[in-house]
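# Fold and contact review
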Amino acid sequence: MMSRKTWFDFWSREDLKTNQMRLDPSQLKQLLGDSAVRAELHDARMVSLLPPVGTEIFRRFTPASLEERLKRKNEEVEEKDPPKPATHLEADKPLPFVYGDPPRKLLNSPLEELDPFYQSQKTFIVISQGNVLQRFNAESSCFLLSPFSLMRTFAIRILTHSLLPLFVLLTILSNCVVMTMNDPPAWTNTAEFLFSAVFVFEVVVKIASRGVCIGTFTFLRDPWNWLDVAVVITTFLTASVNLRKASVVRMIPRVMKMISVYPGVKMTAGALVQSVKRLAHVMVFSLFVLSILALIGLQLFMGTLRQKCVIWPMSNQTYPFHQYINSPENLYFLSGRLDPLLCGNSSDSGACPECFTCLKTDTNPNYGFTNYDSFGFSLLSVVRLMGKDFWENLFQLMMRAASKTSVIAFVLVVFSGSFLLVSLLLVVVAMGLVEQVEATVAEDRRREEEFVQILEVMKRREEVMKMKEEEKEPAVYSVEDSEKHDPPQLKKLTELQENHSSCPPCCLSVVTWNCCGCWTRLKLRLCTFVTNPFFDLIIVVCIVFNCLFLAMEHFPMTMEFEQLLNVTSLFFTGIFTAEMLLRLMAMDPYHYFRVGWNVFDSIIVAVSLVELALADVVGFPALRCFKLMRGLRLARWWPTLHMLMKIIWTSVSALRNLTLVLLIMVFLFTVVGTKLFQDDYRDHVCSIMMTCELPRWHMHNFFNTFILIFRLLCGEWIETLWDCMEVSGQTTCLIFFIVVFVTINLLVLHLFLALFLSSIRGDYLVAPIEKGGNNLKIAIDQIKAGVAWILEHFWTLLGKKNPVNSHHKVVNGKENSKEYLGLTLVTSDQPLSESKVRGNNYGNKTSECHNSASCRVPVAEAEVDLKMSESEEEKHKDEDSETHRGNTPEDCCCYSSFLDVDASQTKGRVLSNFRRACFSIVQHKLFKAFIIFIIVLSSAALVFEDIHLQQHPVISMVLDKADQVFTLLFLLEMLLKWIACGFKKYFTSAGCWLDFLILAVSLMSLTQGMLGYSELGAGLSLRTLRALRPLRALSRFQGLRVVLKALAASVPSMFDVLLVSVFVWFLFSVVGVNLFAGKFSYCFNETSEEFFLPEQVNNKSECLFLMQENFTDVRWKKMKVHYDNVAAGYLSLLQVATFHGWMDIMYSAVDSSEVESQPVYESNIYIYLYFVCFIIIGCFFTFNLFIRVFINTLHQLRHKFGGKRVFMTDEQQNFSRSMKKLFNKPQKRVPRPQNQCQARLFDLVTTRSFEVVIGALICLNIVTKMVETDQQSHETEAILYCINFIFIIIFFIEFLLKIVALRRHYFSHCLNILDFTAIFITIVGFFFNDLIEKYFVSPSFVILLRLGRFGRIILLVRCFQGFRKLLVAFMMSLPALFNILLLHFLFMFTYSIFGMFSFAHVKREAQIDDMMNFETFVNSIICMLMVTTTAGWDGLLIPFLNTPPDCDPDGENPGSSVKGNCGNPTVGIVFFTSYITLSLLLVVLLYIAVFLETFNEDEPEQPSDDDLQMFYKTWRKFDADASQVIQYSQLSDFCDSLEDPLRIPKPNSIKLIHMDLPLLPGDKIHCVDILLALTAQVFGDSGQMDTLKAKMEEKFMTNNLSKLSYEPISSTVKRKQEEVAATVIQKAYRKHLLQDRDPEQPMAEPAGVAAGV
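Here goes a summary of the coordinates provided. (Residues numbered from 1 in each chain as written. Predicted model: local features only at pLDDT ≥ 70, side-chain atom pairs only at ≥ 80, totals over all residues. Heavy atoms only, no water.)

### Examining the pattern of salt bridges
Pairs may arise between side chains of opposite charge once their charged atoms sit close together. Per the counting criterion, the structure on display carries 40 salt bridges. In this structure, Arg1036 and Glu973 form a salt bridge, with 2.5 Å as the shortest nitrogen-oxygen distance. Within this pair, whereas Arg1036 is found in the loop between helix H39 (1017-1025) and helix H40 (1038-1049), its partner Glu973 is found in helix H36 (residues 953-981), the two being separated by 63 residues in sequence. Residue classification places Glu973 among the buried positions, given a relative accessible area of 4%. Between Arg1115 and Glu1086 there is a salt bridge, with its nearest N and O atoms 3.0 Å apart. Taken together, the residues span a long stretch of sequence, with Arg1115 in strand E11 (residues 1114-1118) and Glu1086 in the loop between strand E9 (1081-1085) and strand E10 (1090-1091) at a distance of 29 residues. With a relative accessible area of 34%, Glu1086 lands in the partly exposed category. Three or more residues joined by partner-sharing salt bridges are found here, namely Asp536, Glu579, Arg583, Asp601 and Arg633. (Salt bridge = Lys/Arg side-chain N within 4 Å of Asp/Glu carboxyl O. Helix = DSSP H or I, 4+ residues; strand = E, 2+ residues; numbered from the N terminus. Buried < 20%, exposed > 50% of the residue type's maximum accessible area, 1.4 Å probe, protein only.)

Quick look at the structure:
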């Protein structure tokens, strides 16, 4: 009987393969009734729990069975190893396949227990539809209803029925619909009463069927049932009491009930809760780090953001100072800014305009919420920096108010801490997910193995029974024998009939077109045509050209061009319609629609035809966007795009439970936010908007709240938090936003990593291609072969040597085996050797178009290359190494013509010696160091060429001369390398090519400068290209070469992913062009800087009319970033993908109405969904694909390099290993002093209690620092001063105690040195505060030293003991991080120089101001530092996009000969997009380095050299003769004498026995055996014991050349067993003597006998 499935089985967590593991009724009958089969399977996990043969599995639960169970329980004797609950028989899990399907009449009825563990307890089971097992308590429910009462049985039937969850779900969904209503109608009160009644009814049914809380499996024992209790309590509570905002608690449990309704989602939510427990230590550590950084910001920048530019009064009239400086009329405001301009009093901070003075006021920016004046707001600012949410604004404010140096240092520290925390968070979550995946895979594997074992046993049993029957009966011709002799045609016909059998006979004639013989022959010809590889090639070409024509749409278009696009659209629609008809006629509808891609094609064609029919109907032009779906058909032939589409499907299918949890939480926060804040936004909107209208981001209705929550999901929350705190208060908004931000981001992180890990687990990392998918490659290969054949014969006819042979391989030649295999059809069961002798024949393929089993996949060339034997690879490597092994010019290079001379002659010998001398020079270390020094100097010289250079003629002259010297030196280097190595060898290196190009640019620039053309356009361009000079360092540093090598190796796979991403973005860009082309324009008043309302100016014509009426301040402007063409759409999508500048784009899209019409405020609000879809598909999934392919490529590289780390050099790998040993090396114990007083102090300061007390005092000291504020009273300041003085005395006493007790060993610990430095500077600061602050260090630096003590607390907390391993692993990855950061800094430096040369004179607007610009190198690199995080690049790009009349191309720039302040849009776009791409790639590499290089490190841990030296020294004390053996009796003392980590302290006898050490003759033990055993005990079995053994023997053989060879005769375990056996024998013999003793015999005799024994 087949399993009955319900609608909820779709959401179960059972894998499809597990569900398919089912036994046929005959097999199940044999398993349950055959005792021989059961005997062979007695060790199986599930079969062993089956009842005995002949016993019914499913039995009703009756009073008699309950009495029998209680009687058996009373008679049971307590066992030593009682049975444990079976994992496969847990509640809410499907019944295992070995039990089969229960009879229908027993469903939803109480049954006897199947698990032996519960058979002695008062429980029973109920199996519901879908064979889901549920367990109940057999006690009386509520002390009234026994398990056999009709009312409880009826309640159980209701509870376990499949319709109850569906009914509850529909109720919850209906309630959720009501929750989304902003102004609910009157009938919702009645609906609310019905909802409450349903929830109360569900609780009553559960309590009646399970009981309340007494006993197992009762109602309240399940935590998910607490949601039901919360629903009922909150329902009655809100109905009786007006809780106002607190009434939102009624919604929370009702929405959360959706999780408990789905079985699979409930299990996923439980797994998420368990994974959060893993993050406890990371969260605590994160809190510590955030607190430290917040305190640093509090001490450094307290009160700095209050400094404003205040106008100085012109008259001598007196004003109240405090009131005057805080009056907004006296502050300086920039145009369009709500907050006044900040300033600072340091040399590198922001300056005020003339007539304004920088003074400290009482207000802070952003409604007063952005500051460092208290610990709370400082913590909020640090979290904002670490989350990189609108951090560029905070960065600019801090730089303007404080010094650039301190701000940049603080930001870098925050970013470092952010990277550390995010890396550890990713690793911990990934490790938890990996463990869950491994546990799931292991459980599935056990089930599958047991299933296979059962099938094999039953198969053997059937064979035995069959052999017995054959011995009794004559042989009969079986059906199987007939199938073996049937011809292939009959087999195909049988398969086709089986396929048709699924179709009803009445429909079979309709879906299969077999009319007559002529039609059959026509079908065969059409089948041959449509399965031809060139047919697919033509279709692919048509799809590509269709996409290209779609990309040609732009605004504005001429009528002729628009008509051309319409004609091409009709043409392609006709082609695709003809393709569909041809395939339909060739394959029949039955076979055509069985292929998914054919169904997809038919839908697109149908929609295209409908669009043509309804082209003139209003509202249907949007169907044109559906034509873009044709581009997705490329996934049929494009594996990477196919993989991306499969990823999206995986997130919906395989991760549907996690996705649903995320959607439920988003809906919950949306509803809660709407209920909490909708009234506040309506009542207090005037506090955030001068017009008293709702802002774009608010929580007044459901949809806007959903968009705001989605914005939080994208990582932007600070600006909406400010508005919320201003209208609704700080406490509620902070709690809501923190909960939403943490919860949703953890869910998104889990979804991203789960999707990544599931795809790595799956078989679709290389996406399979559907039948016929390789036709495109076959056609291309045939074209290549044809072109090669034509060229070969062409050159043959010309009588010249065939140049193709050197690059192409002849089809019939032996050397073309790889390419020939790429064109050969190979089946899965055909050996590769057979494919080599087959011809290039595809004629038989078309005759099998209906048989899916006959499709064969061609082997690609890359696949054959990967199958190269290891011996061949090693051979090639040896050949390469021999080729490059030479140390002379003749060995290392290929000669050039003028260098190829006869060395036997005098001139030849001189030239040869000269070349050898040049080669020795270029290979010398000092020469390389000198060139690196010159590269650094030449790069540093570029820093001074800013806009102020022409004001310093001396510096300009020095730089010009230095430029000439550097160029000549680099020219000399190139000439030396040419002479030493020759041209060919020189130009085979990419680094040499780069040097040559940079040098060529420098030479041309110098030449133009000498000729006086340096100020022309070409000269300026060449001078700009000098910014590439720092790139010379790429080939000089080995660490950079390692990273570049890894990046270069990943280029092929990443290029394919990049093409897929570009294609997906292309689809969204074309949709954007169709939706928004010509709609991002507006009429603008440049004088008032305001938009005209639609009532004033409706469209472009009215705006132009105003301009013609001499309104010079009116302009019809267009957004700098728009969708007027596909290229501009790409730029818009890039800003949306980076979440910077996307707000303005979305605002313009939401306000868009008609083409060339004035925008209307939020006239098209649902267009937000377009951007939501792009962020999910175009960003989330493509980024996941990018990471997946990147990590997979780097993993292959690591495997190719023999397990070496791809981002580290050999020296850095050794350094990383030494770092690991250093961190794992235990701290040496400080010897206890001999003096009694010192010894007592030593015992005091080394106890853990003392450290705990000091740690508590450090926490209290930090708390006193947290309570400091900027505007604290003098009394508070005095109290804090006294408390701080007391803490200084306490820490000074601690210092004295430790220095006396530990003596010189005090300074052997880094934390003690930090304490000493902090105490010394603090004490000196009390007496010489002014002197130290003026000439030495800032008082804030002393506070930072005190905060360093906080690290001692981390060492005391136990939860950080497991966290230490992660920190050590992170430290091991520092060399790889250094290489990547060095490469990133090199690129940042180069781009900064290029930006300073190209954009120094652009117009100041948007983000370009007096602090953020490209005028000097410092400002330029600050801008690039900000752009590294993709922050603010949209504001920096806007001035570069200026064209007249937005800028003045002929304007004068004071102090410079450059004219104009316009930018170059093309150069600016390429500049920022390339840098953002490189930055994102390198930032991703940073995180991958931590993952790939360290946390996947499989190197076993071994004892260090110091540990071995310690072992040797201790061994010499016990083995003075160097015999390499000691007595077994000395082993305990020897192991106790060792130091950590090899030490095993006494009592250690039991541990030493279990180590099972070999015993040599004379009860001796060998030193190597002891060392290996101790290593395995401490470090685990590393698998490299042979290496350690050889190393140990080598060490001992240096002092003892005679190697001792002993054969072990026993072991410690055997010796212990022998002793135990001897003791047992002695006891038994004594007992025997006592029993057989003569009663008159004296008692002393047995003792003597026993003693003799």
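### Observations regarding the packing of aromatic side chains
Summed over all chains, the structure comprises 74 aromatic pairs. Seen in terms of ring centroids, Phe117 and Tyr118 are 4.9 Å apart; in terms of plane orientation they differ by 90°. Their pairing is edge-to-face. Ring centres of Phe1076 and Phe1171 lie 6.3 Å apart, and the angle between their planes is 10°; on these two criteria the pair is classed as stacked. Highlighted residues: Phe1076 in helix H41 (residues 1051-1076) and Phe1171 in helix H45 (residues 1168-1200), separated in sequence by 95 residues. Each member of the pair, Phe1076 as well as Phe1171, is classed as buried. In textbook terms, an aromatic cluster arises when at least three aromatic residues are bridged by ring pairs, as seen for Tyr1391, Phe1394, Phe1399, Phe1414, Trp1433, Phe1440, Phe1471, Phe1472 and Tyr1475. Arg210 extends its terminal NZ or CZ atom over the ring of Phe136, reaching a point 4.3 Å from the ring centre. (Phe/Tyr/Trp six-rings, centres within 6.5 Å; stacked < 30°, edge-to-face > 60°. Lys NZ or Arg CZ within 6 Å of the ring centre and 35° of its normal.)

### Some details on the environment of Ser403
Along the chain, the position of Ser403 falls in the loop between helix H14 (391-401) and helix H15 (404-472). Sequence separation of Ser403 and Gly344 is 59 residues, and the distance between their C-alpha atoms is 7.7 Å. Not counting the four nearest positions on each side in its chain, Ser403 is found in contact with Ser346 and Asp348. (Contact = heavy atoms within 4.5 Å.)

### Here we look at the nonpolar core
Phe737 and Phe1207 are the most contacted members of the largest nonpolar core, which has 274 residues in total. Core analysis: the second largest hydrophobic core is formed by 25 residues, Leu89, Val98, Leu106 and Ile454 among them. (Core = buried A, V, L, I, M, F, W, Y, C linked by side-chain atoms within 4.5 Å.)

### What about the state of the cysteines?
As used in these notes, a disulfide is a covalent bond between sulfur atoms, one from each of two cysteines. Counted by the stated rule, this structure contains 6 disulfides. Across a sulfur-sulfur distance of 2.1 Å, Cys343 and Cys358 are joined as a disulfide pair. Of note, the bridge from Cys343 to Cys358 carries an S-S torsion of about 95° and is right-handed in sense. Within this pair, whereas Cys343 is found in the loop between helix H12 (321-325) and strand E6 (356-360), its partner Cys358 is found in strand E6, the two being separated by 15 residues in sequence. In this pair, the class of Cys343 matches that of Cys358, namely buried. Linked covalently through their sulfurs, Cys724 and Cys733 form a disulfide whose S-S length is 2.1 Å. (Disulfide = S-S within 2.5 Å.)

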